[in-house]
Amino acid sequence: MYNWEGIAEFVTVAETESFTIAAKKLGISTAHVSRQVSALESRLATKLLHRTTRKVSITEIGAVYYQRCRQLLYDLEDAEHAVSDLQSKPTGRLKITAPITYGEFIIAPLINNFITRYPELDVELHLSNQKLDLVAEGYDLGIRQGQLQDSSMMAKRLGSRTLYVCATSTYLAEFGIPKKLADLNQHNCLQGSLGHWRFQEKSKMRNIHISGNLRCNSGRALADAALKGLGIVQLPGEYVLNHIRSGKLVSLLEEFCAPDEGIWAIYPHNKHLLPKVRMLIDYLDEELSGKTILEY
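In this text, all values refer to a predicted model and were calculated from it rather than measured experimentally.

**Q** What's the story with the sheet that holds strand β7 (residues 163–167) in this structure? I'm lost.
**A** Within a beta sheet, neighbouring strands are joined by backbone hydrogen bonds and run either parallel or antiparallel to one another. Read across the open sheet, the 4 strands follow the order β8-β11-β7-β12; overall the sheet is mixed. Every other strand in the sheet has two partners, leaving β8 (189–190) and β12 (250–252) as the edge strands with one partner each. Bridge count for β7 against β12 is 3 bridges, and the pairing is antiparallel. Paired with alanine 167 across the two strands is valine 250, which belongs to β12. With respect to the sheet, helix α9 (residues 237–246) is in contact with β7, β11 (232–236) and β12, its orientation differing from that of β11 by roughly 115 degrees.

If you want it as structure tokens, here you go:
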């Protein structure tokens, strides 16, 4: 049987960058943590941590070993909570990732409601616009928007979002209102991380290349620029729909609006879907299905 000694101590030191803090978290002595990690390094015949009087840092080999060990500990936690998860009240760890703005406005409040319902859960919600590796980083669930490209993931559609093209009435009064897609060539189009916008014309999808004097990978920043009259923007509803409804922004080119994009819950294909994860997916599906941003 594999020797697990030192693994929990090593993972905790790697995460806290301190033997002392790791010892406090584990409820054991600093000396014991140090001995366990040293014994682990001896068993592996490699150095996992750099130690100085001021700092503890992980080695390159240690970083690879840490990712595997962290996942092993997560799986062990899940195994120990399996019986509880089969009951009506889920407990234990849930690690979730979601896009930043959609996560802040929509997912985080729903997760908070779920924790209120099941307070014995230990939830880690990480908001990021990067496509994180769910398996390598130990996530139970990811929330994704738009078109899915990773076929190795299982996915459930939770809802949808609409892309809006809009600008302020002040900008449009000065530079004109675009009536057809070709008119965008005459406008300052505020760009995201892509160099094109998505439309549908005569039942066919079209990617229209746009240009402008501002490029930013933040939807919130682009919405702010549009509100200040800097140009036209194409963004999902969570950024602009309230501003359109209030009259601060004017919706444009609606007849060319692209079909709604999906909001997805994804999880690893080869990972056993724990009951608590299934319960969360079902809860999100119930809350998000058929609703718009303004209903939250």
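**Q** When you look at the environment of serine 193 in this model, what are you seeing that I'm missing?
**A** Note that serine 193 resides in the loop between β8 and β9 (196–201). Sequence separation between serine 193 and glycine 27 is 166 residues; the distance between their C-alpha atoms is 46 Å. The contact partners of serine 193, leaving out residues within four places of it in the chain, are Arg215, Cys216 and Asn217.

**Q** I would appreciate a short explanation of the sheet that holds strand β13 (residues 261–268) in the present structure.
**A** In space, the 5 strands of this open sheet follow the order β4-β3-β5-β13-β6, with mixed pairing throughout. The strands lining the two open edges of the sheet, one partner per strand, are β4 (121–127) and β6 (153–161). Going across the sheet, the axis of each strand differs from the next one's by a mean of 20 degrees, ignoring polarity. Inspection of the sheet shows β6 paired to β13 by 8 bridges, in the antiparallel sense. Each bridged residue has a counterpart across the sheet, and for serine 160 the counterpart in β13 is glycine 262. Across the sheet, helix α6 (residues 100–117) lies against β3 (92–98), β4, β5 (141–145) and β13, angled at about 175 degrees from β4, the strand it touches most. Contacts from helix α10 (residues 275–288) reach β3, β4, β5, β6 and β13, with the element oriented near 20 degrees to β6.

**Q** In this structure, what is going on with the layout of surface pockets? I would like to understand it.
**A** A probe as big as a water molecule, rolled over the atoms, marks out the empty space that is left. Space inside the largest pocket adds up to approximately 1,300 Å³. Residue lining of the largest pocket: 39 residues in total, with Lys131, Gln145, Arg161, Ser193 and Leu194 positioned closest to the centre. At the level of secondary structure, the elements contributing two or more residues to the lining of the largest pocket comprise β3, β5, β6, β9, α8 (219–227), β11 and β13. Here the lining of the largest pocket is composed, by residue class, of 16 nonpolar, 17 polar and 6 charged.

**Q** Is there a simple way to explain a nonpolar patch on the surface in this structure?
**A** On the surface, Trp4, Leu72 and Leu76 cluster together into a nonpolar patch covering about 260 Å² of accessible area. Within the secondary structure, leucine 72 sits in helix α4 (residues 60–80). For leucine 72, a relative accessible area of 39% puts it in the partly exposed group.

**Q** What is the right way to look at the packing of aromatic side chains in this model?
**A** The description of an aromatic ring pair uses the distance of the two centres, along with the angle that the planes make with each other. Counted according to the given criterion, the structure contains 4 aromatic pairs. Where phenylalanine 114 meets tyrosine 118, the ring centres are 5.0 Å apart and the plane angle is 65 degrees; that geometry is what we call edge-to-face. Tyrosine 118 carries the same exposure label as phenylalanine 114, and that label is buried. Seen in terms of ring centroids, phenylalanine 114 and tyrosine 283 are 5.4 Å apart; in terms of plane orientation they differ by 40 degrees. Their pairing is tilted. In this pair, phenylalanine 114 sits in helix α6 while tyrosine 283 sits in helix α10, placing the two residues 169 residues apart along the sequence. Of the two residues, phenylalanine 114 and tyrosine 283, both sit in the buried class.

**Q** Which parts of the structure should I look at to understand the side chain of histidine 187?
**A** Structurally, histidine 187 can be placed in the loop between α7 (169–175) and β8. Here tyrosine 171 takes part through its side chain, which lies 3.0 Å from a polar atom of the side chain of histidine 187. Among residues more than four places away in sequence, those in contact with histidine 187 are Tyr171, Phe175, Gly176, Pro178, Ser211 and Ile232.

Cut-offs used in this document
- Residues numbered from 1 in each chain as written.
- Predicted model: local features only at pLDDT ≥ 70, side-chain atom pairs only at ≥ 80, totals over all residues.
- Heavy atoms only, no water.
- Pairing = 2+ DSSP bridges.
- Helix = DSSP H or I, 4+ residues; strand = E, 2+ residues; numbered from the N terminus.
- Contact = heavy atoms within 4.5 Å.
- Axes fitted to C-alpha atoms, helices over the stretch in contact; angles between N-to-C directions.
- 1 Å grid on protein atoms, 1.4 Å probe; cavity = no way out; pocket = protein on both sides within 12 Å on 5 of 7 lines; lining within 4 Å.
- Points joined across faces, edges and corners; volume = space filled by probe spheres on them.
- Nonpolar A, V, L, I, M, F, W, Y, C, P; charged D, E, K, R; others polar.
- Patch = residues over 30% accessible without salt bridge, like charges linked within 9 Å, V, L, I, M, F, W, Y side chains within 5 Å.
- Areas by Shrake-Rupley, 256 points an atom, 1.4 Å probe, with all protein chains shown as cover.
- Salt bridge = Lys/Arg side-chain N within 4 Å of Asp/Glu carboxyl O.
- Buried < 20%, exposed > 50% of the residue type's maximum accessible area, 1.4 Å probe, protein only.
- Phe/Tyr/Trp six-rings, centres within 6.5 Å; stacked < 30°, edge-to-face > 60°.
- Polar contact = N/O pair within 3.5 Å; in protein donor to acceptor, adjacent residues only side chain to side chain.

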